[in-house]
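Summary of the model geometry
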Amino acid sequence: MSEFKTSQAEGLIPNFVNTYELEERAQKVIPADAFGYIASGAGDEFTLRENDRSFNHKLIIPHVLADVENPSTETVVDGDTITAPIILAPVAAHKLANEAGEIASAQGVHNFKTIYTTSSYASADLPEITTALAGSPEWFQFYFSKDNEINKRIIDRVKALGIKKIVLTADATVGGNREVDVRNQFVFPLNMPIVQEYLPQGIGKSMNYVYGSAKQKLSAKDVEFIASYSGLPVYVKGVQSALDVERALDAGAAGIWVSNHGGRQLDGGPAAFDSLQYVAKAVNQRVPIVYDSGIRRGQHVFKALASGADLVAIGRPAIYGLALGGSRGVEQVFNKLTEELKMVMQLAGTQTIEDVKRYQLRDNNFL
Ligand SMILES: Cc1cc2nc3c(=O)[nH]c(=O)nc-3n(C[C@H](O)[C@H](O)[C@H](O)COP(=O)(O)O)c2cc1C
């Protein structure tokens, strides 16, 4: 393993008021170039900023006299009850943020009781993560290789571990233009055990190199292949349009994951939240929808659910929690968003997550 040194924090994050402030605090404990890789977006970061701003395009009208008390955020996914419809997005190399890496994240996710999505570019190996999850539901995010034998070997390992779904990331067929990484001359300092076979020189390569090793010419056929070879449900991640919904569903996708990769891929594109309503209309309840990009508040979770998402996923906030508090920090981030969501649910007059999904947001015509 490399000489890379980062935070080793483990324990509750003191004076934690909201997830926004964690970014600045995490910057103090993560090496500058690794922090740049985590926090930044592509190009001018227009899309990254839009991810935050766009939640103001919809408004939650408070409802009074609604006969609601102590709303419940519990959600059942494929028979598993999770504490809230908030799950962990796939994020590469958690060891950039904390030396305990994915193991601590998995423990935090397990303690909170939700779903963990393992990245193909994890800095821990699959069985270690699965063990740390101790039975909590795990999904696997796939960066598909050009070499189908490698794909098959990865799928075989995923299946043998009892992982429940495969998430095919389709919006990163080339690395985004991460200018912060260029400026920092960021070189990936860690091993990526899951994909090491097709990345013999994984350590010391830029992320653009890593993405270049994945299959660029992705098509519906790849979704069909993964679904038929694995027999597992395949979600397609990075969908923002009705056209892509049809492509994915025609290919046999079992779920749609709306995302713009946290503003890290195509700059100049819409906020993922602005795309969600169009995707939800096209999906028309045929399959579940996961939403990520820009979730920082309970009200964002509420708005995404009321716009058609069944689950939301978080990326950076969980990683900042990991940097500042290890497994406890990750758990605390999920708890904070859940507490905020509960408060919003109470004030909006919604008792259950099903009520939130039926809730009519108002368009903000005042911007
Ligand atoms: C540091 C970092 C690494 C990421 N690595 C991956 C990855 O390996 N695979 C993937 O599908 N998405 C990856 N993503 C994107 C996330 O899954 C997710 O789409 C994004 O973080 C959501 O936005 P948020 O950070 O605003 O919550 C990564 C995001 C970050 C911040």
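What counts, and where the lines are drawn
- Residues numbered from 1 in each chain as written.
- Predicted model: local features only at pLDDT ≥ 70, side-chain atom pairs only at ≥ 80, totals over all residues.
- Helix = DSSP H or I, 4+ residues; strand = E, 2+ residues; numbered from the N terminus.
- Rg over C-alpha atoms; globule rule 2.2 N^0.38 Å.
- Buried ≥ 20, exposed ≤ 12 C-beta atoms within 10 Å, placed from the backbone.
- Contact = placed C-beta atoms within 7 Å.
- Axes fitted to C-alpha atoms, helices over the stretch in contact; angles between N-to-C directions.
- Left-handed = near helix turned anticlockwise from the far one by under 90°.
- Expected span 1.5 Å × (residues − 1).
- Bend = angle between axes of the 7 residues up to and from the residue.
- Near = placed C-beta within 6 Å.
- Nonpolar A, V, L, I, M, F, W, Y, C, P; charged D, E, K, R; others polar.
- Pairing = 2+ DSSP bridges.
- Core = buried A, V, L, I, M, F, W, Y, C linked by C-beta atoms within 7 Å.

Section: the overall build of the protein
Within the protein, the regular secondary structure consists of 14 helices and 12 strands. Over its C-alpha atoms the protein spans a radius of gyration of 19 Å, differing by no more than 12% from the 21 Å that the globule rule assigns to 367 residues. Projected onto its principal axes, the C-alpha coordinates of the protein cover approximately 60 × 50 × 40 Å. Put simply, the protein has 367 residues, and 53% of those count as buried. Look at the contacts in the protein between residues 6 or more apart in sequence, and 74% of them connect residues 24 or more apart.

Concerning the packing of helix α12 (residues 298-306) against helix α13 (residues 316-348)
Two numbers describe how α12 lies on α13: the axes approach to 7 Å, and their chain directions differ by 60°. Considering how the two elements wind past one another, α12 and α13 form a crossing that is right-handed. Contact residues: α12 offers G298, Q299, V301 and F302, while α13 offers L337, E340, L341, M343, V344, M345 and A348.

Some words on α13
With 33 residues, α13 extends only 27 Å from end C-alpha to end C-alpha; this falls clearly short of the ideal 48 Å at 1.5 Å per step. Where α13 bends most, the angle comes to about 140°, and this point is G325. Extensive coverage of α13 is indicated by the burial of 25 of its 33 residues. Directly beyond the C-terminal end of α13, a positive phi value near 75° is found at G349.

Re the site of the ligand
The immediate surroundings of the ligand are formed by 23 residues, with A89, S119, T169, G262 and G315 found nearest. Classifying every residue of the shell around the ligand gives nine nonpolar, 10 polar and four charged.

With respect to the environment of K95
In this structure, K95 sits in the loop between β4 (86-88) and α4 (101-112). Distance from K95 to Q8, taken between C-alpha atoms, is 9.7 Å for residues 87 residues apart in sequence. Those residues in contact with K95 that lie beyond four places of it in its chain are G101, S123 and L190.

Some thoughts on the pairing of strand β8 (residues 234-239)
Taking burial as the measure, the six residues of β8 include six buried ones, the bulk of the element. Two elements, strand β7 (residues 165-169) and β8, share four bridges in a ladder whose sense is parallel. From the neighbouring strand, I166 faces β8, where its bridge partner is V234. Sheet topology note: the β8/strand β9 (residues 255-258) ladder contains four bridges and is parallel. Within the sheet, the bridge partner assigned to K237 lies in β9 and is W257.

Let's talk about the environment of G238
Locating G238 in the fold gives a position in strand β8. In this view, G238 contacts T169, A170, D171, S259 and H261; residues no more than four positions away in its chain are not counted.

So, the nonpolar core
One finds L168, V236 and I256 to be the most contacted residues of the largest nonpolar core, which totals 108 residues. Per element, the largest residue contribution to this core is 14 residues, and it comes from α13. If we ignore the near neighbours within four places in the chain, the residues touching L168 are F142, F144, D222, V223, I226, V234, V236 and K237.

Just distances and angles here, no functional claims.
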